[in-house]
Amino acid sequence: MVNASALPQGIAVPSVPALRHIDKRFIPAELWFAIAPAERIEMTPGQQIAEGTRLSLAGQPIYAPVTAVVMRLETDKVVLKPLQTQVEAPLTTPTFAPLAERDKDAIISRVRAAGITGMGGAGFPAWRKLAALPHGPMPLLLINAVECEPGCGADAVLLEFEPDAVAHGMDVLADALQATQVVLACKRSALDAATTVTRLSSGQRARTVVMDDRYPAGDERVLCKQLGHSLTLKQRPVERGVIVFNVATVAAIGAAVCRGMVPTFRRITVHGPGVATPSVVEVMLGTPAAEVLAALGVSDYSAGVAVGGAMMSQPLNLREAAIGQSTTALYVPARHAQRARAACINCGRCDPVCPQALAVARLYELIEAARPLEAVAALDVQGCTGCGCCDAICPSGIPLAATLRDARTAVLEQRASAVSAAIAKARSDSHVQRERQREAQRVSRLRQRGDSHGRTKDKVDAMLRAARQRRNAANDGSSHDA
Amino acid sequence: MTSPAQASVTGLMLPVMLALIPAVMVQVWLFGFDVIVTVLVAITSALVIEALVLRWRNLPVRAALADGSAAVTGALLGLAVAPQLGTLELLVGVAFAIAVAKHCYGGLGRNLFNPAMAGYALLIVSFPAAIAVWPVPGLLESAVDGMVGAAGLDVDALSIDGISAATPLDTARASARGASATAHVAHTHAWMWVNAAWLVGGIGLLAHRTITWLIPASVVAGIVLVAGVLWATAGGATPWVHLSSGASMACAFFIATDPVSAPRDKRALLVYGMMIGAITVLIREYGAYPDGVAFAVLLANSCAPLLDRATLYLITQPVDKS
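Cut-off values and rules
- Residues numbered from 1 in each chain as written.
- Chains lettered and ligands numbered in written order.
- Predicted model: local features only at pLDDT ≥ 70, side-chain atom pairs only at ≥ 80, totals over all residues.
- Heavy atoms only, no water.
- Helix = DSSP H or I, 4+ residues; strand = E, 2+ residues; numbered from the N terminus.
- Buried < 20%, exposed > 50% of the residue type's maximum accessible area, 1.4 Å probe, protein only.
- Contact = heavy atoms within 4.5 Å.
- Rg over C-alpha atoms; globule rule 2.2 N^0.38 Å.
- Patch = residues over 30% accessible without salt bridge, like charges linked within 9 Å, V, L, I, M, F, W, Y side chains within 5 Å.
- Areas by Shrake-Rupley, 256 points an atom, 1.4 Å probe, with all protein chains shown as cover.
- Salt bridge = Lys/Arg side-chain N within 4 Å of Asp/Glu carboxyl O.
- Polar contact = N/O pair within 3.5 Å; in protein donor to acceptor, adjacent residues only side chain to side chain.
- Disulfide = S-S within 2.5 Å.
- Pairing = 2+ DSSP bridges.
- Axes fitted to C-alpha atoms, helices over the stretch in contact; angles between N-to-C directions.
- pLDDT = per-residue confidence, 0-100.
- Core = buried A, V, L, I, M, F, W, Y, C linked by side-chain atoms within 4.5 Å.

1. Quick notes on the overall build of chain B
Thinking step 1. In terms of helices and strands, chain B carries 15 helices and two strands.
Thinking step 2. Counting across all 322 residues of chain B, residues that qualify as buried make up 53%.
Thinking step 3. For chain B, the share of sequence-separated contacts (at least 6 apart) that also reach a separation of at least 24 residues comes to 75%.

Structural data, given as structure tokens:
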């Protein structure tokens with residue numbers, strides 16, 4: 001076990017009350033899956049769908065987690081109703097056979113077929129991350145169970161209650177990627193559970209690293225830096241030989257490979273000032289967020305509900321939001337969560353807290369003064385991860401994270417449109433050049449051939465010269481012209 | 001500095017007000033309860049003037065007053081002026097500090113100059129006599145009940161009339177005036193206590209992480225360096241005298257650390273602090289004013305944007321062409 005040193009940046013996490021762990025899995029009355037009509041399989045209301053049936057035709061595979069009846073087909077989603085008889089015994093039949101050959105390519109196709117996406121919040125397709133790896137052994141496989149968002153503890157519960165699932169996933173990935181090092185990063189409070197997992201994994205090659213209770217200790221760039229693989233702003237972890245997966249994703253990969261199971265449940269934290277008893281609960285994928293909240297007794301969400309926590313969150317539209325693989329936590333903020341906003345007092349506290357070491361104060365100045373995007377991009381605003389440390393530390397309550405995030409989006413969009421504009425210009429330039437060449441060839445052909453009377457330019461010039469000479473000779477004879 | 005618990009302007013200003021208490025207590029002990037009256041008048045008038053200006057500017061009054069910045073400006077100005085200063089003069093100073101130096105430049109976060117020092121500078125040039133005259137500090141034995149004044153001192157030992165006297169800096173500058181050694185020692189002693197009180201408050205601010213050590217250290221370094229050179233070569237006062245008299249400690253911990261008028265980059269802050277210390281000593285030794293803190297701070301304030309630009313943008317980034 002290695003103790004990671006204290007993070008210089010970031011902020012201290014306020015202590016939160018212990019989370020209640022709800023043992024019983026939550027199976028809802030309805031399941032919502034956001035699949036566009038063109039991408040759905042054939043289904044009609046009233047039709048029964050067996051568990052494990054693939055619901056999406058192409059693209060991201062989505063499976064029915066339980067035997068259900070189709071209730072409604074709406075424009076943006078499919079609504080299923082889990083059958084009462086199946087409620088107590090969800091998906092146990094594997095969709096695939098356990099994988100025999102566990103080399104990297106086989107793992108990638110299995111992970112792709114199972115539709116596993118990152119369960120740490122970003123939702124990046126796991127197979128893509130694996131497929132983008134260079135050949136050869138991977139120096140470091142990093143499994144992220146830190147979950148540094150204040151108030152969240154779903155990953156810690158997973159470590160404690162399903163250590164073998166995590167260990168299997170670790171082994172599968174470590175073998176397939178030929179990882180030299182395997183590290184499981186966790187918070188101090190989850191150390192015992194993490195040690196159990198590393199002991200369960202085969203080969204004794206995994207070790208645990210404890211991260212301080214600072215935010216954002218679970219950010220993958222911060223983790224890499226703490227483990228000695230510092231990344232520049234533009235680098236991805238794979239470029240430094242590190243592949244990072246969330247611990248729940250690893251468990252899902254293990255289940256898909258070893259037992260042929262597709263993701264059906266995930267643990268989420270329901271927390272925030274608007275939740276009386278913050279809890280960790282295991283919910284079926286596709287559960288409407290509103291149902292989870294209602295089941296936990298949260299009635300007042302007039303201030304909105306978000307995925308994430310106090311530091312980083314994405315607002316939810318409860319009319320269409322369902323728990324997906326990337327839903328880590330539901331956060332219900334307090335009623336009057338808006339802080340009074342004052343002018344920037346130049347205190348400079350935002351710069352040292354930024355985990356990406358951005359010049360936050362200067363960026364804010366430039367953005368507020370509506371300077372051209374080049375100046376903003378020159379200060380690497382694209383490196384902003386939206387962690388919100390600057391927001392938390394600002395005495396004037398300035399929404400720095402949102403401002404920087406918008407600037408980042410604008411810079412990336414501008415870059416993308418600049419690229420497509422450059423492509424279009426190159427195409428148009430070559431077209432124009434081709435046209436010019438054709439024109440030049442036509443002219444030279446004409447010159448050589450001459451006009452319909454067979455007179456080329458040279459011949460015409462010669463005729464004109466001869467005519468002029470004749471005229472001059474004739475004029476010389478009579479009177480002299482000037 | 002990395003605790004979100006302080007994440008409000010009030011959270012920054014309140015510790016400053018509390019850290020002023022040692023200085024208030026020592027100044028009361030030395031100069032009488034007039035100090036408290038002056039400070040209260042200054043704070044109240046600062047709040048009232050701020051409220052009026054905010055109303056005139058059509059800005060929300062309650063939120064801006066609650067952030068405490070006007071109160072701090074008033075308190076600092078009230079402690080900087082002699083307690084015998086007339087109320088009218090004090091009000092003029094406060095009004096200039098709040099309405100002109102702060103709000104004419106845009107309000108909180110936008111002022112170029114330190115408002116308290118701008119107000120004090122106005123008072124120095126407008127009422128030079130009234131400003132430079134402080135009460136004779138009461139000695140320990142006679143200050144049991146907190147009352148000070150001529151009754152507490154042996155008047156015959158002083159060659160200055162009345163119950164007010166020049167500060168040690170004045171005395172050091174114009175030793176030809178013939179203040180007696182006893183009085184001089186008493187004055188230096190008294191002002192040492194004042195500076196010690198400001199230092200205690202400043203250390204409290206450091207411990208509470210309201211300010212960092214960089215600015216105070218730079219100011220002290222600037223003072224020591226220039227005073228040391230002048231003492232060694234031109235017979236000026238020793239660095240210790242400079243550090244323990246006038247408003248040196250107040251400047252280092254409370255005035256130079258105002259975030260709005262100071263630069264942001266660490267290297268710029270170092271230069272800024274040393275500039276303040278250096279110019280303070282130069283004005284004290286060669287200038288026409290007893291204490292150079294106010295003008296030193298204002299001069300350094302005017303250089304702050306350039307310092308930021310020079311260090312932030314030339315050294316680390318290509319120059320921002322905008």
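2. A short note on the overall build of chain A
Thinking step 1. When helices and strands are counted, chain A shows 14 helices and 17 strands.
Thinking step 2. Its C-alpha radius of gyration of 32 Å places chain A more than 25% over the 23 Å reference for a compact globule of 482 residues.
Thinking step 3. Considering only C-alpha atoms, chain A reaches an extent of 125 × 60 × 50 Å along its principal axes.
Thinking step 4. Taking all 482 residues of chain A together, 47% fall into the buried category.
Thinking step 5. Long-range contacts, defined here as pairs at least 24 residues apart, represent 71% of the contacts in chain A between residues at least 6 apart.

3. Considerations on a nonpolar patch on the surface
Thinking step 1. On the surface, a nonpolar cluster with roughly 410 Å² of combined accessible area is contributed by Leu14, Leu18, Ile21 and Met25 of chain B.
Thinking step 2. Elements represented by at least two residues in the nonpolar patch include exactly helix H1 (9-19) and helix H2 (21-31) of chain B.

4. Considerations on the side chain of Thr198 of chain A
All names here are of chain A.
Thinking step 1. Here Thr198 is to be found in helix H5 (residues 191-200).
Thinking step 2. There is a polar contact of 2.9 Å between the side chain of Thr198 and the backbone oxygen of Thr195.
Thinking step 3. The residues contacting Thr198, other than those within four sequence positions of it, are Met170, Leu184, Ala206, Arg207 and Thr208.

5. Remarks on the interface of chain B and chain A
Thinking step 1. Counting residues at the interface gives 23 residues for chain B and 27 residues for chain A.
Thinking step 2. At the boundary of chain B and chain A, one finds one salt bridge.
Thinking step 3. Residues Glu365 of chain A and Arg264 of chain B are paired through a salt bridge, measuring 3.1 Å at the closest nitrogen-oxygen approach.
Thinking step 4. On the surface where chain B and chain A come into contact, there are seven residue pairs in polar contact (both at pLDDT 80 or more).

6. Section: the state of the cysteines
Thinking step 1. Tallied over the full model, the rule gives zero disulfides over all chains.
Thinking step 2. Just so you know, Cys350 of chain A is unpaired, no disulfide at all, and the nearest cysteine sulfur is the one on Cys347 of chain A, 6.2 Å from it.
Thinking step 3. Looking at Cys350 of chain A, the relative accessible area reads 11%, which means it is buried.
Thinking step 4. Looking at the unpaired Cys303 of chain B, the closest cysteine sulfur is the one in Cys251 of chain B, lying at 15 Å.

7. Some words on unusual backbone geometry
One can expect most non-glycine residues to show negative phi and most peptide bonds to be in trans.
Thinking step 1. Omega for the peptide link from Tyr215 of chain A to Pro216 of chain A comes to 0°, which places this bond in the cis form.
Thinking step 2. Within the secondary structure, Pro216 of chain A sits in the loop between strand E11 (214-215) and helix H6 (220-226).
Thinking step 3. At Asn58 of chain B, a residue that is not glycine, the phi angle is positive and equals roughly 60°.
Thinking step 4. Structurally, Asn58 of chain B can be placed in the loop between helix H3 (34-56) and helix H4 (61-66).

8. Focus on the side chain of Ser218 of chain B
Residues and elements named next belong to chain B.
Thinking step 1. Here Ser218 is to be found in helix H11 (residues 214-234).
Thinking step 2. We classify Ser218 as buried; its relative accessible area is 1%.
Thinking step 3. Leaving out residues up to four positions away in the same chain, Ser218 has contacts with Leu269, Leu270, Gly273 and Met274.

9. Comments concerning the sheet that holds strand E13 (residues 265-271) of chain A
All names here are of chain A.
Thinking step 1. The strand order across the open sheet formed by six strands is E3-E14-E13-E17-E15-E16, and the pairing between neighbours is mixed. Each edge of the sheet is formed by a strand with only one pairing partner; in this case those strands are strand E3 (20-21) and strand E16 (313-315).
Thinking step 2. Relative to strand E14 (residues 279-284), E3 runs parallel, the two being bridged by two bridges. Residue pairing across strands places His21 opposite Val280, the latter belonging to E14.
Thinking step 3. Seen against the sheet, helix H3 (residues 154-161) touches E3, E13 and E14 and runs at an angle of roughly 135° to E13.

10. Details of the environment of Ala294 of chain B
All names here are of chain B.
Thinking step 1. If you trace the backbone, Ala294 turns up in helix H15 (residues 293-316).
Thinking step 2. Judged by relative accessible area, Ala294 falls into the buried class, the value being 2%.
Thinking step 3. For Ala294, the residues in contact, after removing those within four places along its chain, are Met117, Tyr120 and Ile124.

11. Digging into the pairing of strand E8 (residues 140-145) of chain A
Residue and element names in this part refer to chain A.
Thinking step 1. Burial within E8 is extensive, with six of its six residues counted as buried.
Thinking step 2. Two elements, E8 and strand E9 (residues 181-187), share six bridges in a ladder whose sense is parallel. Within the sheet, the bridge partner assigned to Asn144 lies in E9 and is Ala185.
Thinking step 3. The sheet contact formed by E8 and strand E12 (residues 242-246) spans five bridges and is parallel. Bridging from a neighbouring strand, Asn144 pairs with Asn246 of E12.

12. Quick word on the pairing of E13 of chain A
Residues and elements named next belong to chain A.
Thinking step 1. With seven of seven residues buried, E13 is to be regarded as a mostly interior element.
Thinking step 2. Judged by which residues are buried, E13 turns out to be covered on both faces: Phe265, Arg267, Thr269 and His271 on one side and Arg266, Ile268 and Val270 on the other are all buried.
Thinking step 3. As paired elements, E13 and E14 share six bridges and run antiparallel to each other. What sits directly across from Thr269, in E14, is Val280.

13. Re the pattern of salt bridges
Oppositely charged side chains can pair when the atoms bearing their charge come close.
Residue and element names in this part refer to chain A.
Thinking step 1. Across all of its chains, the model carries 17 salt bridges over all chains by this definition.
Thinking step 2. When the shortest N-O distance is used, the salt bridge between Glu365 and Arg362 registers 2.7 Å. Taken as a pair, Glu365 and Arg362 lie in helix H10 (residues 360-368) at a separation of three residues, close to a single helical turn.
Thinking step 3. Ionic pairing is found between Glu439 and Arg442, a salt bridge with its closest N-O pair at 3.0 Å. Placement of the pair is Glu439 and Arg442 together in helix H13 (residues 400-449), with a separation of three residues, close to one helical turn.

14. Focus: the confidence of the model for chain A
Thinking step 1. Considering every residue of chain A, the mean pLDDT works out to 87; 94% of them sit at 70 or more.
Thinking step 2. A low-confidence stretch, residues 1-6 of chain A stays under pLDDT 50, and its non-local contacts, those more than four residues away or across chains, total 17 contacts.

15. Concerning the nonpolar core
The tendency in soluble globular proteins is for nonpolar side chains to be buried as a group.
Thinking step 1. Trp198, Phe254 and Ile276 of chain B are the most contacted members of the largest nonpolar core, which has 87 residues in total.
Thinking step 2. The element best represented in this core is H15 of chain B, accounting for nine residues.
Thinking step 3. Beyond its immediate sequence surroundings of up to four residues, Trp198 of chain B is in contact with Leu20, Ala23, Gln27, Leu76, Leu79, Met249, Ala250 and Phe254 of chain B.
Thinking step 4. With 50 residues, the next largest nonpolar core counts Leu159, Leu173, Phe245 and Val250 of chain A among its residues.

16. Things to note about the confidence of the model for chain B
All names here are of chain B.
Thinking step 1. Mean pLDDT over chain B stands at 81; residues scoring 70 or higher make up 79%.
Thinking step 2. Below pLDDT 50 for its whole length, residues 175-183 participates in eight contacts with residues either more than four positions away or in separate chains.
Thinking step 3. Note that pLDDT drops below 50 for residues 315-322; the model gives that stretch 17 contacts with residues more than four away or on any other chain.
Thinking step 4. Under the prediction, the complex receives an ipTM of 0.78, its pTM being 0.78.

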